[in-house]
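Here is what each chain is made of, one letter per residue.
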Amino acid sequence: MLISDVKGMYKLEFNPGRNICYETNTGLWTKEDYMRYHNDYATKISTMLKGKPWAKYIDLRNYKVSNITSEIQMHAEWMEKNNVTTIAVIVDSAIAKMQMNRAGGGKFDQQAFTDEKEADAWLKSKGF
C-alpha cells in the first residue's frame, strides 16, 4: 500500500513480506503536516501490522529540520506501543549520520546511513 500526503510532505509504503514501512519525508513540516503523517500511520499502516514486530526505513535526505518535537515524541510513543523494533534512517551527510546515531533515544534499535544498500543490509541482518 502506497500512501502519499495531500501536500507532498511524505510517502509511506508498507511491505508486508518484510514487515517494513518505507517512508520518505520532504521539506519543512508544520504541526498539521505531522498530524496528517501520524494519522496515516494510526489509521492505515496500523491495519497491516497484525501485532508483529516491524521496522521503519526513513529517507530524510530531503527533509528540513522542523519545530515538531512534541509531535515526534508522541509518534515515538505510538510506535513503541505498536511494536516498532528497528529503524534505519537515510541521511545525506556523515555529520547528519553522526547526529542521528547519537540521538537514537534507546527505545528502538536505530541506525543512520548515507548508503541505501547498507541500510537495507542492516535491516536484513535484524530479521527484516
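Preceding this section is the structure that the text describes.
Per chain, residue numbering runs from 1 following the sequence as it is written. Restriction of local features to residues with pLDDT of at least 70 applies here, the model being predicted, together with a cutoff of 80 or more for giving and counting side-chain atom pairs; totals for whole chains, interfaces and linings are based on all residues. Heavy atoms throughout the structure, all of them, feed into the side-chain values; hydrogens and water do not.

Undergrad: So what exactly am I meant to see when it comes to the packing of aromatic side chains here?
TA: Ring pairs (aromatic) are described by centroid distance and by the angle formed between their planes. Working definition: a ring pair exists when centres of Phe, Tyr or Trp rings (six-membered ring for Trp) sit within 6.5 Å. Plane angles under 30 degrees give stacked, over 60 give edge-to-face, the rest tilted. Inspection of every chain in the model, using the stated rule, returns 12 aromatic pairs. Between W29 and Y37 the ring centres are 5.2 Å apart and the planes differ by 70 degrees, which places this aromatic pair in the edge-to-face class. What makes Y37 buried here is its relative accessible area of 3%. Centre to centre, the rings of F113 and W122 are 5.6 Å apart; their planes meet at 50 degrees, and the pair counts as tilted. For the pair shown, F113 and W122 are each scored as buried. A connected cluster of aromatic rings, assembled from ring pairs, spans Y10, W29, Y34, Y37, Y41, W54, Y63 and W78. Buried, partly exposed and exposed residues are distinguished by accessible area as a fraction of the type maximum, computed with a 1.4 Å probe on protein chains only: under 20%, between the cut-offs, and over 50%, respectively.

Undergrad: Is there a simple way to explain helix α4 (residues 116–125) in this structure?
TA: Residues spaced three or four apart along an α-helix point in a common direction, a consequence of the helix completing one turn every 3.6 residues. To qualify as a helix, a DSSP run of H or I must reach at least 4 residues; to qualify as a strand, a run of E must reach at least 2; elements of each kind are numbered from the N terminus. Looking only at α4, the buried set comprises A119, D120, W122 and L123. For α4, the angular spread of buried residues about the axis comes to 160 degrees, placing them on one side. For α4, exposure combined with an orientation more than 90 degrees from the buried face picks out K117, K124 and S125. In this structure, the buried residues of α4 make contact with β3 (20–28), β4 (54–64), β5 (84–90) and β6 (109–113). Whenever two N or O atoms come within 3.5 Å, that pair is a polar contact, provided that in protein one can donate a hydrogen and the other can accept it, and provided that, for residues adjacent in sequence, both atoms are side-chain atoms. The opening residue of α4 is D115, an N-cap whose side-chain oxygen sits 3.0 Å from the backbone nitrogen of K117. Note that the arc is computed from the directions linking the helix axis to the C-beta atoms. The contact criterion used is simple: two residues touch if any of their non-hydrogen atoms lie within 4.5 Å.

Undergrad: Quick question: what am I supposed to make of the sheet that holds β5 here?
TA: Hydrogen bonding along the main chain pairs the strands of a sheet, whether they run parallel or antiparallel. Whether two strands pair depends on DSSP finding at least two bridges between them. Taken in spatial order, the 6 strands line up as β1-β2-β3-β4-β5-β6 in an open sheet, and their pairing is mixed. If you trace the sheet from one side to the other, it starts and ends with β1 (2–4) and β6, each paired once. This sheet shows a mean twist of 15 degrees between the axes of neighbouring strands, independent of strand direction. Summarising the sheet, β3 and β4 pair through 8 bridges and their orientation is parallel. The partner of E23 across the bridge, within β4, is I58. Where helix α1 (residues 31–49) meets the sheet, it contacts β1, β2 (10–15), β3 and β4, and its direction lies at approximately 10 degrees from that of β2. Interaxial angles span 0 to 180 degrees and are taken between N-to-C directions of axes, which are lines fitted to C-alpha atoms, for helices over the stretch in contact.

Undergrad: Could you clarify how one ought to interpret the pairing of β5 in this entry?
TA: For β5, the tally of buried residues reaches 6 of 7 residues, placing the bulk of the element in the interior. Taken together, the 6 bridges between β4 and β5 define a ladder with parallel strand orientation. In the sheet register, A55 faces β5, and the bridge partner there is T86. Viewed with both strands pointing away, a crossover whose connecting path from the first strand over the helix to the second turns clockwise is right-handed. Running through helix α2 (residues 69–81), the crossover from β4 to the neighbouring parallel element β5 is right-handed. Note that β5 and β6 share 5 bridges and pair parallel. What sits directly across from T86, in β6, is D109.

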